[in-house]
Amino acid sequence: MRTREAFERVLAGEPLPRREGKQPYNGAVGVPIREEIVAREGDCVITRNSYGALCLNTPSALFVDIDLHDPGPEPALKRKVRWPLLALALLVGLAASSWMVGIVAVTFALWLAAWISRRIHASRMGRDGGPEARADRRIETFVEQHPDWQLRQYRTPAGIRLLAMHRAFDPHEPAVEACFTALQTDPVYAVMCVRQHCFRARVSPKPWRIGINRHMRPRPGTWPINPERMADRMQWVADYERRSDGFAACRYVRTLGDGRTDAGIDTVRTLHDRLCRADSALPLA
């Protein structure tokens, strides 16, 4: 399909480069996904990404990736705390008729404002349960507003993964963008889905989380590689797969919504859960 599209663009007079660069899968470039194909099951493709983990790529099963990092105090809170303190610091400098006193007062005011903002933010996060509880409430609200949806929720080492079970989706359709926005999906992941024309889920551990601190060779890990380096790569992969046996990529948490289960998506779910060991009690990595 990509070859046909390129040919049609050339016939239309559009200048195209004669060769594509080998770019990694990072949301901005890298079309097509230049990763080794490890297996195919139906329309799903299992690839090994640039740092060695296995990824499930699917054209129609909507996976949603939500990070649970704490972004820190919101800009509005910082401004609300900072400006009164800065005004007070300037008054102190004027009252002392000393620019040196003013500089010291402003510096202290900025430090104090940052400290107060962090304390207020931490207090608010403690009251509402933190990032995971807030994400859970967004998910529950979304399902209440979309009664025909069914979402299967998983816990990942650093966030939440959702799989829409009720129907197939196209990465470019407005419903996907609306879902990503409402659930505050990882923005890099959202861009990847559109540019790579598929949804994606990591189904094996990240190497550094299972005690592998050396990079897969050769670097970068974009595919294909020089055949002379294949032995180095396979040695790394063998070590990685041996250590991966004791870990899960995600853990099933719950299913939300009264929507029906699409048979085709359930097939993807079975594959995903098996590869991730989602029903096991293994540590996440």
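To be clear, the structure that these remarks concern was listed above.
First things first, this report covers the structure right here in the doc. (Residues numbered from 1 in each chain as written. Predicted model: local features only at pLDDT ≥ 70, side-chain atom pairs only at ≥ 80, totals over all residues. Heavy atoms only, no water.)

Regarding helix 8 (residues 263–276)
Phase 1: The end-to-end C-alpha distance of helix 8 is 20 Å, a good match for the 20 Å that 14 residues give at a rise of 1.5 Å each.
Phase 2: Turning to helix 8, its buried residues are Ile265, Val268, Arg269, Leu271, His272, Asp273 and Cys276.
Phase 3: Near the N-terminus of helix 8, the side chain that reaches the backbone nitrogen of Gly264, with its oxygen 2.9 Å away, is that of Asp262.
Phase 4: Looking at the residues trailing helix 8, positive phi occurs at Arg277, about 60°. (Helix = DSSP H or I, 4+ residues; strand = E, 2+ residues; numbered from the N terminus. Expected span 1.5 Å × (residues − 1). Buried < 20%, exposed > 50% of the residue type's maximum accessible area, 1.4 Å probe, protein only. Polar contact = N/O pair within 3.5 Å; in protein donor to acceptor, adjacent residues only side chain to side chain.)

With respect to the sheet that holds strand 3 (residues 54–58)
Backbone-to-backbone hydrogen bonds pair the strands of a sheet. The strands run either parallel or antiparallel.
Phase 1: Here four strands make up an open sheet; going across it, the order is 1-2-3-7 and the pairing antiparallel. Because the sheet does not close on itself, it has two edges, and the strands there are strand 1 (36–41) and strand 7 (199–202). For this sheet, the mean inter-axis angle between neighbouring strands, taken without regard to orientation, is 25°.
Phase 2: Relative to strand 7, strand 3 runs antiparallel, the two sharing four bridges. Residue pairing for strand 7: Leu56 is matched across the bridge by Ala201. (Pairing = 2+ DSSP bridges. Axes fitted to C-alpha atoms, helices over the stretch in contact; angles between N-to-C directions.)

Things to note about the environment of Val176
Phase 1: Structurally, Val176 can be placed in helix 5 (residues 174–183).
Phase 2: Note on Val176: relative accessible area 1%, which makes it buried.
Phase 3: Residues Val176 and Phe63, spaced 113 residues apart in sequence, show a C-alpha to C-alpha distance of 9.8 Å.
Phase 4: In this structure Val176 touches Leu62, Phe169, Asp170, Pro171 and Phe199, once residues within four positions along its chain are discounted. (Contact = heavy atoms within 4.5 Å.)

Side note on the nonpolar core
Phase 1: Within the largest apolar cluster, 41 residues are counted, with the highest numbers of intra-cluster contacts made by Leu62, Phe63, Phe180 and Phe199.
Phase 2: Residues contacting Phe180, with those up to four places away along its chain left out, are Leu62, Phe63, Val64, Thr185, Tyr189, Ala190, Cys193 and Phe199. (Core = buried A, V, L, I, M, F, W, Y, C linked by side-chain atoms within 4.5 Å.)

Focus: the side chain of Arg161
Phase 1: Mapped onto the elements of the fold, Arg161 is located in strand 6 (residues 159–164).
Phase 2: A distance of 2.9 Å separates the side chain of Arg161 from the side chain of His272, its partner in a polar contact.
Phase 3: For Arg161, the residues in contact, after removing those within four places along its chain, are Phe63, Val64, Arg152, Gln153, Tyr154, Thr156, Ala201, Arg202, Cys250, His272 and Cys276.

Considerations on the packing of helix 4 (residues 130–145) against helix 5
Phase 1: The N-to-C vectors of helix 4 and helix 5 enclose an angle of 140°; their axes lie 9 Å apart at closest approach. What the angle tells us is that helix 4 and helix 5 run oblique. Contacts between helix 4 and helix 5 involve Arg138, Ile139 and Phe142 from the former and Cys179, Ala182 and Leu183 from the latter. (Parallel < 35°, antiparallel > 145°, perpendicular 65-115°, else oblique.)

Quick word on the environment of Arg251
Phase 1: Looking at where Arg251 falls in the secondary structure, it is placed in strand 8 (residues 251–256).
Phase 2: It is 7.8 Å that separates the C-alpha atoms of Arg251 and Cys276, two residues lying 25 residues apart in sequence.

Some remarks on the sheet that holds strand 6
Phase 1: On the basis of which strands lie adjacent, the open sheet formed by four strands has the order 4-6-5-8 and antiparallel pairing. Each of the sheet's edge strands pairs with one partner strand only, and the pair in question is strand 4 (63–67) and strand 8. Across the sheet, the axes of successive neighbouring strands diverge by a mean angle of 25°, strand direction being ignored.
Phase 2: Here helix 4 sits on the sheet in contact with strand 4, strand 5 (151–156), strand 6 and strand 8, set at roughly 170° to strand 5.

Brief notes about the pattern of salt bridges
Phase 1: With the rule as written, the count across this model stands at 17 salt bridges.
Phase 2: As a salt-bridge pair, Arg152 and Asp273 come within 2.9 Å of each other at their nearest N and O atoms. Placement of the pair is Arg152 in strand 5 and Asp273 in helix 8, with a sequence separation of 121 residues. The two residues Arg152 and Asp273 agree in class, both being buried.
Phase 3: One connected set of salt bridges, linked through shared partners, spans Arg152, Asp266, Arg269 and Asp273. (Salt bridge = Lys/Arg side-chain N within 4 Å of Asp/Glu carboxyl O.)

Here we look at the packing of aromatic side chains
Note on aromatic pairs: each is described by the distance of the centres and the angle between the planes.
Phase 1: As enumerated under the stated definition, the model contains seven aromatic pairs in all.
Phase 2: Both rings, one in Trp236 and one in Tyr240, keep their centres 5.3 Å apart while their planes meet at 10°; by these two values the pair is stacked. With Trp236 and Tyr240 both in helix 7 (residues 230–244) and four residues apart, this pair spans about one turn of that helix. Like Tyr240, Trp236 is buried.
Phase 3: Members of the aromatic cluster, each reached through a chain of ring pairs, are Phe142, Trp149 and Phe169.
Phase 4: The side chain of Arg167 reaches across the aromatic face of Phe169, ending 3.8 Å from its centre. (Phe/Tyr/Trp six-rings, centres within 6.5 Å; stacked < 30°, edge-to-face > 60°. Lys NZ or Arg CZ within 6 Å of the ring centre and 35° of its normal.)

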